[in-house]
Amino acid sequence: MSDQITFVLNGEIEVARDVPPTTTLLNYLRRAKRLTGTKEACAEGDCGACTVVVGELDGEAVRYRAVNACIQLVPMLEGRAVVTVEHLARPDGGLHPCQQAIVDCHGSQCGFCTPGFVMSLYALYLTGVKPDRQRIGDVLAGNLCRCTGYGPIVSAAETMYDLPRPHWDEARRGRDLSLLKEIRRQGTLSFEYRGQRWFSPTDVEELARLRTAHRDAVIVAGATDVGLWVTKQRRRLASIIDIGRVAALREIVATGTTLEIGAGAAYSDAEGIIARHFPDFAELIRRLGALQVRNVGTIGGNIANGSPIADAPPALIALGARLVLRRGIARRTMPLEDFFIAYGNQDRAPDEFVERIDVPLLDDPTRLKCYKLSKRFDQDISAVCGCFNVRVADGKAVEARICFGGMAETPKRARTVESALVGQPWTEATVERVIPALERDYAPISDHRGSAAYRMQAAKNLLRRYHLETRSQTPALRLAGRAAAFG
Amino acid sequence: MSKTAITGGAHAAFSHDSAVKHVTGEALYTDDIPEPPGTLQVHIAMSERAHASIARVDLTKVRNQPGVVAVLTARDVPGKNDVSPLKGDDPVFADGLVEYFGQSLFAVAAETIDQARAAAKLALVEYRDRPAILTVDQAMEAMSLLEAPVTLRRGDPAAAIAAAPHKLEGRFYVGAQEHFYLEGQAALAIPGEDRDVLIFCSSQHPSEIQHKVADVLGVPNHAVTVEVRRMGGAFGGKESQGNLPAAVAALAARMTGRPAKVCYDRDDDMTITGKRHDFRIDYRVGFDAAGRILGLELDHAIRCGMSFDLSQPVADRAMFHIDNCYYLPAARVTSYRCKTHTQSNTAFRGFGGPQGMIGIERAIDEIAHVLGQDPLAVRRANFYAHKRTAPSTERRVTHYNMVVEDCIIQDIVDELVASSDYAERRAAIREWNARSPVLKRGIALTPVKFGISFTKTFLNQAGALIHVYTDGSIHLSHGGTEMGQGLHTKIAQVVAEEFQVDFERVKITATTTAKVPNTSATAASSGADLNGMAARAAARKIKRRLAAFLAERYQSDPESVAFLPGRIRVRDSEIAFETAIRDAYLARVPLSATGYYATPKIGWDAATGEGRPFFYFAYGAAVSEAAIDTLTGENRILRVDILHDVGKSLNPAIDLGQVEGGFVQGAGWLTMEELVWDDRGRLATHAPSTYKIPACSDRPLDMRMKLFERGENVEETIFRSKAVGEPPLMLAISAFLALSDAIASVGDYAIYPALDAPATPERILMAVERIKRATNR
């Protein structure tokens, strides 16, 4: 047991005591530390004004990532290093290249979003890899600016590498490494504050034990959803188990036939290996949340919270993924689609937790296509997400897995369409013939993301698009991403 | 060696004065100001009905919650229960009746904001629902209007249309828009002696905050001081919408004797505050074979919301801008100011101008479609006469009888057509579309002519205050506020230019009602025009005194005293600026002055429809190219070429920033930004998770912007510059019509897409499907 949270804040060891476990990092910075450079503009991880950089020990190095402070809970920072906008400039006031470039390019107008942009650029700068335009768009997708139109900020991202290197900053990052080693601790962080309990185990067996002992506890990984329960729904969470420090759950292993993704792996951790095996799933992930969200949000969380509009489940179901659930020492597995029983109802006992997702590899990685439809390409929630995996042999569809999000109360396979396709020639005529069957598979609703009629029409057209994209001579059909027709 | 030039004078592409503070996080916004000890946090509780009488409110439980210090209701208001800018129809707290979902009911002041929010939830409010009118269509059906319809007319358009060789008519919906300033509404009130209150807030209109707070508290204006250093964005959304949080903070401070703060979080902000008005536009137009408009009739149905707020001048500006750049020999526009049970819509960059303008752009696009012409040809055929043409030319008079004396749209369009390869690209796109079954591209060029001046003439005045201290440093205050547009930078450049000192010598200070009184809102793009002239007047007063003093001392003529970079020349002597100032002080020359400016020539009488509402016009044009996916409605702006007239730019870097930011914000309005209310009148899209403003990658892939180099204001504005805040927003109409052009290609241009705004993927796909069905594709 420990009643204190220890992390590094702007180069100094910070010990937080007597903190409600659901205190957000943003409120801690602004209210307790009076570090007001970090701004609140949405409190839901959608605007990036609160972006800070969080470093984590990774062997003999520290890996830094941009995160939204508004939905990070302070106990999740145990053993990590936080850098805020106040800690970039040289002590004498000289600016870090990512700051200087914004000044030089006229990249700030009202300035309220600027600290967030600075921190996103800072995280990018630390990677040491000079970005192309697409990468800049991805890195900045989670930072909204209402004044500039973004051009000057993009220019800053392109030119910051041309400025002299900030040696003072390199020294500070070196200091983070030694401080992180100093405060590193094994074993569970657990504390209670006025009836609210927090556990962050580091060991999966301990997690299993805690889960059994605290059936009512909410599991949090990146808090990109649970954070909103706190900031938006203002729910009081009695017990929380944080799986973010369980190293075993963050592992991603490719066996000969299967990709095993630990439930605690962040999208950013998984993106690279997913891109190798399922390039279009990676493209879908690129458009899921924004970098600040993907840096902490997990595929496991995207499944476990049972959302009908989550983007990872349709892709994983189309791939035939299986879910591994853990209860105590027992495990069971099921096809992912069976996990989603109804809206708000998943096949998980209160003392079970999602441990892993097993995804069978494809003989042809390009067979899976994932389509996300939303009002905005980046950092938006899908109106419709359609994922298609049709195996064709000798001109005929021999196996079909098609799954949609946003079309039903859960992610759901298009079973009628699938069975109508199998055995048929993979032709436009077949596609046109089976398309009406989508109306038997789905009865979507109308909401602020789209009408039922739009969802149905778009879903039908996505099957058409899939068919077109599987034909070799088809020119690029997309308007976003690396495979876009223009750009 | 003498300096040859100052840094940061007029026309310099100088950085925003706060740029370094922005990137280091040092720039203070209202919620960042260190709170005085004991500051209370105040939460405003909101109506959960769109239209209802309030049968009973029981706040007992609220008052008894831990941390709660005061609960504020309508009965606690010592003065007037009103925060409206014009008409007295926006209660601080609802009193027996609520008229929108989100209306302020009462407020809770507590030690922490979490306590205040938690307590507010425990209120027992009994509503008796009344029928709610939520949309323009419903309001027009019920004739629910705030006032009688207003008509502006020139000639006999009905007869002209009847006699015209061609005619068409249509209906067009243009959606609302949320400001989405990154910094929410915020106010901190600190009580003082004598019932005084000092307010720090995020407002475009400190004087109005001062007046409304004084009225609410029942004290004279002199008891209230309002200070604004900067806003984290505003866009019109902080012209009147800051009144409520400031009044509530001030009232809480008065009731408790403690400092009190109101900061809306994003959801509350979007739920409480007004937005850009959505419009339903009905148009009938008669035209000849060349596409020349002979007569135009328009009906604007405008969703004002539950009260007037600024809807009258917004609706007026929409009526003034139905012509855009086009001469209308006969025209009528009738404006229906609809009362609905939704947020009271308010100022938003363009202030009705964009909605007015897009109506005629839509009509012209359709005329071109009917005639099978390039819309650009129809646009050119209808332009107002160029400023070089004879003053007697008939095609210079607007539908409100103002003579357009400065029209340069032909020059801008000609240059832009050439630099953007408009004609070649248009042909190439049509060829490409014929070969591309799924993706389609479109292109459009649209011009902008935007009237500069507040149409309420008395608002066109400004003041400034300059002190020169004995070390030669300069303290500058003016009535304008900084919301990111770089106003303070520009005004400091004006002062630096006048005194011929480096920019750094001029200290830009917070706007405060204690230094410059009775100011107008920083709005209508007028900030630099008005305050620049006022600051120059103040600087010139001090310069005249210095010149007189130096002329006397050196036995010369004041007229021959010259302000050179960093120094002053009198006869053969050159005196360093700070030396001259020191000497002037010792000689007891006053080194502080106020400056004042009132825009000349203008005067508009809304009652008679007579006079000149605008001092001048700002012009610009854009070519947008867009692509759509006909399977999904997804879309992308591929390339934008802009040529925009800012006269002789005060600061090209800042002006280009306004052009780009305005375009992208306008593109958001017309494409992805969609506000959705549910059947109960609750705003369903009240945060960035559901309301999507353009993100980084939505910026056009290829964006080429230029300021019109030959630009020079024909009127005597500050260094012959032109206003830039609002006009570029309307350049984005080109993006909307480019999308429409892409959709039209689906039916081989045989069917007009009649696309409504915003052009979301859904609207685009549905338009594509309509055309496919009609053409059997």
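One can find the structure itself at the top, above this paragraph.
Residues numbered from 1 in each chain as written. Chains lettered and ligands numbered in written order. Predicted model: local features only at pLDDT ≥ 70, side-chain atom pairs only at ≥ 80, totals over all residues.

Caption draft 1: Geometry of the overall build of chain B. If you tally the helices and strands in chain B, you get 19 helices and 29 strands. Against the 2.2 N^0.38 benchmark of 28 Å for 777 residues, chain B shows a C-alpha radius of gyration of 27 Å, consistent with a compact globule. C-alpha atoms of chain B, sized along the principal axes, occupy 85 × 75 × 50 Å. Put simply, chain B has 777 residues, and 63% of those count as buried. (Helix = DSSP H or I, 4+ residues; strand = E, 2+ residues; numbered from the N terminus. Rg over C-alpha atoms; globule rule 2.2 N^0.38 Å. Buried ≥ 20, exposed ≤ 12 C-beta atoms within 10 Å, placed from the backbone.)

Caption draft 2: Molecular detail of the nonpolar core. All names here are of chain B. Counting residues in each nonpolar core, the largest one holds 412 residues, and the members touching the most others are Ile199 and Ala249. For this core, the element with the most residues is helix α15 (residues 527-553), which contributes eleven residues. Beyond its immediate sequence surroundings of up to four residues, Ala249 is in contact with Val42, Ala187, Leu188, Ala189, Ile199, Ala260, Lys261 and Val262. (Core = buried A, V, L, I, M, F, W, Y, C linked by C-beta atoms within 7 Å. Contact = placed C-beta atoms within 7 Å.)

Caption draft 3: Structural view of the sheet that holds strand β24 (residues 592-598) of chain B. Residue and element names in this part refer to chain B. Spatially, the four strands line up as an open sheet ordered β19-β18-β17-β24, and their pairing is mixed. Of all the strands in the sheet, just β19 (506-508) and β24 have a single pairing partner and so form its edges. On average, each strand axis in the sheet is tilted by 25° relative to the strand beside it, whichever way the strands run. Along the sheet face, α15 touches β17 (461-468), β18 (474-478) and β24 and points at about 140° away from the line of β24. (Pairing = 2+ DSSP bridges. Axes fitted to C-alpha atoms, helices over the stretch in contact; angles between N-to-C directions.)

Caption draft 4: Inspection of the sheet that holds strand β13 (residues 279-287) of chain B at higher detail. Residues and elements named next belong to chain B. Spatial strand order, β7-β15-β14-β13-β8: five strands in an open sheet with mixed pairing. Single-partner strands in this sheet number two, and they are β7 (150-154) and β8 (166-174). Recorded for the sheet is a direction-independent mean angle of 10° between the axes of neighbouring strands. Where strand β14 (residues 293-305) and strand β15 (residues 331-339) come together, nine bridges link them in parallel fashion. Note on β15: the bridge partner recorded for Ile302 is Arg337. Along the sheet, helix α9 (residues 311-320) makes contact with β7, β14 and β15, crossing β15 at roughly 155°.

Caption draft 5: Expanded view of helix α17 (residues 652-670) of chain B. Between the first and last C-alpha of α17(B) there are 27 Å, a value that for 19 residues agrees with the 27 Å anticipated at 1.5 Å per step. Of all 19 residues that make up α17(B), 17 are buried, and the element is covered over most of its length. (Expected span 1.5 Å × (residues − 1).)

Caption draft 6: View of helix α6 (residues 206-217) of chain B. Residues and elements named next belong to chain B. Counted at 1.5 Å a residue, the expected span for α6 with its twelve residues is 16 Å, and the 16 Å between its end C-alpha atoms agrees. Within α6, ten of the twelve residues are buried, leaving the element largely enclosed by the surrounding structure. Where α6 is buried, its residues meet β10 (197-201), β11 (224-228), α7 (243-256) and β20 (511-512).

Caption draft 7: Region of the structure containing the packing of helix α14 (residues 487-499) of chain B against α15(B). Residues and elements named next belong to chain B. Contact pair α14 / α15: the axes reach a minimum separation of 9 Å and the direction vectors enclose 30°. Relative to α15, the element α14 lies roughly parallel. As for how α14 packs across α15, the hand of that crossing is right-handed. Two secondary-structure elements touch here, α14 through Leu487, Lys490, Ile491, Val494, Val495, Glu498 and Phe499 and α15 through Gly527, Ala528, Asn531, Gly532, Ala535, Arg536, Ala539, Arg540 and Lys543. Residue classes in the contact of α14 with α15 are distributed as eight nonpolar, three polar and five charged. (Parallel < 35°, antiparallel > 145°, perpendicular 65-115°, else oblique. Left-handed = near helix turned anticlockwise from the far one by under 90°. Nonpolar A, V, L, I, M, F, W, Y, C, P; charged D, E, K, R; others polar.)

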